[in-house]
Amino acid sequence: CSKLGLSDSVRRDVHNVTVVTKRCGLVPDKPALIAAACILFVVNHHKLPYTSSDIQKVVGGTSHVTISKCYKERLKGFAPFLVQHIGLATEAEPC
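Draft legend 1. A look at the state of the cysteines. According to the stated counting rule, one finds zero disulfides in the structure shown. In this structure Cys70 is not part of a disulfide, and its nearest cysteine sulfur, from Cys38, lies 7.9 Å away.

Draft legend 2. Main features of the packing of aromatic side chains. One pass over the structure, following the stated rule, counts one aromatic pair. Between Phe41 and Tyr71, the ring centres sit 6.4 Å apart and the planes meet at 55 degrees, which makes this aromatic pair tilted. Of the two residues, Phe41 sits in helix α2 (residues 31–45) while Tyr71 sits in helix α4 (residues 64–75), which places them 30 residues apart along the sequence. Here Phe41 and Tyr71 have matching classes, each one buried.

Draft legend 3. Structural view of α2. Taking 1.5 Å of rise per residue, the 15 residues of α2 would be expected to cover 21 Å, and the 21 Å separating its terminal C-alpha atoms lies within 8% of that figure. Here α2 has its buried residues at Leu33, Ile34, Ala36, Ala37, Cys38, Ile39, Leu40, Phe41, Val42 and Val43. A positive phi of about 55 degrees marks Lys47, the residue just after α2.

Draft legend 4. Region of interest: the packing of helix α3 (residues 52–59) against α4. The geometry of α3 relative to α4 is characterised by a closest axis approach of 8 Å and an angle of 115 degrees between their N-to-C directions. Crossing of α3 against α4: the hand is right-handed. Across from Ser52, Ser53 and Gln56 in α3, the residues of α4 making contact are His64, Ile67 and Ser68. By residue class, the composition of the contact of α3 with α4 is one nonpolar, five polar and no charged.

Draft legend 5. The pattern of salt bridges, seen in detail. Following the criterion strictly, the structure yields one salt bridge and no others. For Arg11, the salt bridge identified is with Asp8, shortest N-O distance 2.2 Å. Residue Arg11 and its partner Asp8 are both found in helix α1 (residues 8–24); the two are separated by three residues, about one turn of the helix. Overall, the relative accessible area of 30% leaves Arg11 in the partly exposed class.

Reading guide: rules and limits
Residues numbered from 1 in each chain as written. Predicted model: local features only at pLDDT ≥ 70, side-chain atom pairs only at ≥ 80, totals over all residues. Heavy atoms only, no water. Disulfide = S-S within 2.5 Å. Phe/Tyr/Trp six-rings, centres within 6.5 Å; stacked < 30°, edge-to-face > 60°. Helix = DSSP H or I, 4+ residues; strand = E, 2+ residues; numbered from the N terminus. Buried < 20%, exposed > 50% of the residue type's maximum accessible area, 1.4 Å probe, protein only. Expected span 1.5 Å × (residues − 1). Axes fitted to C-alpha atoms, helices over the stretch in contact; angles between N-to-C directions. Left-handed = near helix turned anticlockwise from the far one by under 90°. Contact = heavy atoms within 4.5 Å. Nonpolar A, V, L, I, M, F, W, Y, C, P; charged D, E, K, R; others polar. Salt bridge = Lys/Arg side-chain N within 4 Å of Asp/Glu carboxyl O.

Here is the structure:
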């Protein structure tokens, strides 16, 4: 997250989403994929200008296509749950 220049509130959201995602088994147990998919979920939630390709460049270990597929098939459907129960911020703080 720090390599993307994300604010503290966005990094906190990524951390919280990652914890719940791992606990609930929402994505395959591959650390790089979990991290990348959670980052993509949060940056999309905050409408930040990052793509799966941007995230893949800093996370590594998985392709941007796999990141996008995991996000769309596994996390996107849980958005209301994650936003409500984790308490994701509604707007990102400036970097």
